[in-house]
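Single-letter residue listing:
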Amino acid sequence: KRRAWEQADWGAFAACVAQGCQAAGLLRAQDPDSSITGDASSIAAQVTDLTTVLQDAIDAHVPEKTICWASKLWWSPAVAEARRTMRHLLHRAERHGTAHDWSLYRRARRAFTTTVRRAKATAWRAFCASVNKQDLWSHVRRMVKPHQRLHVEDLRSPQGEWVTEDAEKAEVLAHRFFPFGPQSASFQALTQRRREDIQHWLSEGWDDFPPVTSHEIQRKLLAMRAFVAPGPDGIVARCLQEASVSVVPILRHLFQRMLHEGVHPASWRTARVLPVPKPGGDPHAAKGYRPIALLSVLSKLMEGLVKDRLSYVLKSRQCLSDCQQGFRQARSTDLALWRFVTSASLALKTRRRCVAVALDIQSAYDTVDHVALLWKLREKGVPRYLVAWIRAFLAPRTAQLVVNESAYPFDISVGVPQG
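Worth saying up front: this structure is predicted, and the values here are computed from it rather than measured. Just so you know, the residues in each chain are numbered from 1, in the order the chain's sequence is written. Totals for whole chains, interfaces and linings use every residue, but because this is a predicted model, local features are given only for residues with pLDDT of at least 70 and side-chain atom pairs only at 80 or more, for both listing and counting. Hydrogens and water molecules were not included; the side-chain quantities draw on all heavy atoms of the structure.

Let's talk about the sheet that holds strand 6 (residues 406-412)
Pairing between sheet strands relies on hydrogen bonds along the backbone, with the strands arranged either parallel or antiparallel. Pairing in this open sheet of four strands is mixed, and the strands run 4-3-5-6 from one edge to the other. Here the strands that pair on one side only, and so sit at the sheet edges, are strand 4 (289-294) and strand 6. Strand-to-strand, the axes of this sheet are offset by a mean angle of 30 degrees, without reference to chain direction. In this description, strands pair whenever DSSP reports at least two bridges between them. In DSSP terms, a helix is any run of H or I states spanning at least four residues, a strand is any run of E spanning at least two, and both are numbered starting from the N terminus. Of the strand pairs in this sheet, strand 3 (residues 270-277) and strand 5 (residues 397-403) are connected by four bridges, and their pairing is parallel. Interaxial angles span 0 to 180 degrees and are taken between N-to-C directions of axes, which are lines fitted to C-alpha atoms, for helices over the stretch in contact.

What follows is the structure, encoded as structure tokens:
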């Protein structure tokens, strides 16, 4: 379902969420003297209850979006009235066929055209007035390349045969997006030894860790974009932001328990995967598409908290090279380019050589071995509680691969989701 988020009644939505959490028994998490106890199944049950409360509030207070000719930004009641009058006169002219009726219709048609032109000019002036420096280029991209529904063309299979059915297309794309890990006996033996070592290391337990705070969750929540494409549950970040008074205390206790027990709900390990065409790629080849995983916004919030803690650990232990620019705070592609240009300019001035090596690893994120990743985190000195949670996060996942409006489930044994 597509939602008209701009028409939502957020005040009533927040009140509905608070009432639903109270009815489901979730608001007891706000009591600082109480603690949430139980096993992993109770965490999954509370996650399900919270998700249901949010979905019910969305159904009640966020209308569905109807895509039609009146969905244009410039459409207004005046345009609708002019169109209604024009169509009424057209039907009357077709029914009676008199010259006077046709004259009235042509006059109404000119009036409708004039009203549309003025409405478009007014909408354009309002659009220009709303643009600022922060979102200028996003508006430009929307105008130059408007939103279109994703469509997967007929594909060529690895055997060179043409595939036309959506189910067969999904199989071809899944073979590309969700590959299997190395199957050699030596690699499997090494993986098994590492898995047993990691299991023994984690079974020793872990010391207390910094507790999850409401301020930590609130800060990450406000930093999230409000209306990005939702995951399988249909919840966007704006829903959590508007109902933060009720939701944040519940999430604080849930996140604390997940880190303490090293669990991650199975419902958050299901992703809706969209095959997005690569710019300039071959639309008839599987390699011409990039998988984009749409995860639950609740899961992405939890991932953000773990990412901050993991980044702090790696930075404090000096585990990352100073030359690494990706996935680091206050680093960007611009800084990497600036350092490269500076080095090349200095080499030219001093009559020296500047060597640049470009390396592109095919399907790098899609082929990450989970055991090898956990082993590397252990070697880097990452605390046990983070490694345990990451292991639960990487546990067997399910992908709903969407091909032309149809979804096909696939199990994932290697790789990490790319949102």
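Some words on the nonpolar core
Think of a nonpolar core as a cluster: buried Ala, Val, Leu, Ile, Met, Phe, Trp, Tyr and Cys residues, connected wherever their side-chain atoms sit within 4.5 Å. Only protein chains enter the accessibility calculation, which uses a 1.4 Å probe. A residue is then buried if its area is under 20% of the maximum for its type, exposed if over 50%, and partly exposed in between. Ranked by internal contacts, the top residues of the largest apolar core, which has 61 residues, are F13, V17, F255 and M258. With nine residues, the top contributor of residues to this core is helix 11 (residues 297-316). Note on contacts: a residue pair is in contact if any heavy atoms of the two residues lie within 4.5 Å. Ignoring any residue separated from it by four or fewer positions in sequence, one finds V17 in contact with V53, L54, A57, A243, S246 and V247. Residues L155, A170, F178 and V403 belong to the second largest nonpolar core, which totals 20 residues.

Comments concerning unusual backbone geometry
Peptide bonds are trans in most cases, and residues, glycine excluded, mostly fall at negative phi. The backbone phi angle of R351 is positive, close to 60 degrees, even though this residue is not glycine. Within the secondary structure layout, R351 lies in the loop between helix 12 (333-349) and helix 13 (370-379). Its relative accessible area of 80% is what places R351 among the exposed residues. A positive phi is found at N404, a non-glycine position, where the angle reads about 55 degrees. Note on placement: N404 falls in the loop between strand 5 and strand 6.

Focus: helix 7 (residues 185-203)
Every helix has an expected span of 1.5 Å times one less than the residues it contains. The end-to-end C-alpha distance of helix 7, which contains 19 residues, comes to 27 Å, matching closely the 27 Å that a straight helix rising 1.5 Å per residue would cover. Along helix 7, the residues classified as buried are T191, I198, W201 and L202. Buried positions in helix 7, seen along its axis, are confined to an arc of 90 degrees and lie on one side of it. What points out from helix 7, more than 90 degrees from its buried face, is the exposed set A185, S186, H200 and S203. Count one or two residues on from helix 7 and you reach G205, which has phi positive near 80 degrees. Summarising the geometry, the arc corresponds to the directions from the helix axis toward the C-beta atoms.

Let's talk about helix 8 (residues 214-223)
Buried within helix 8 we find E216, I217, K220 and L221. Burial along helix 8 is one-sided: seen end-on, the buried residues are contained in an arc of 125 degrees. Seen from the buried face of helix 8, the exposed residues on the opposite side, beyond 90 degrees, are H215, L222 and A223. Along its buried surface, helix 8 packs onto helix 9 (237-242), helix 10 (244-261) and helix 11.

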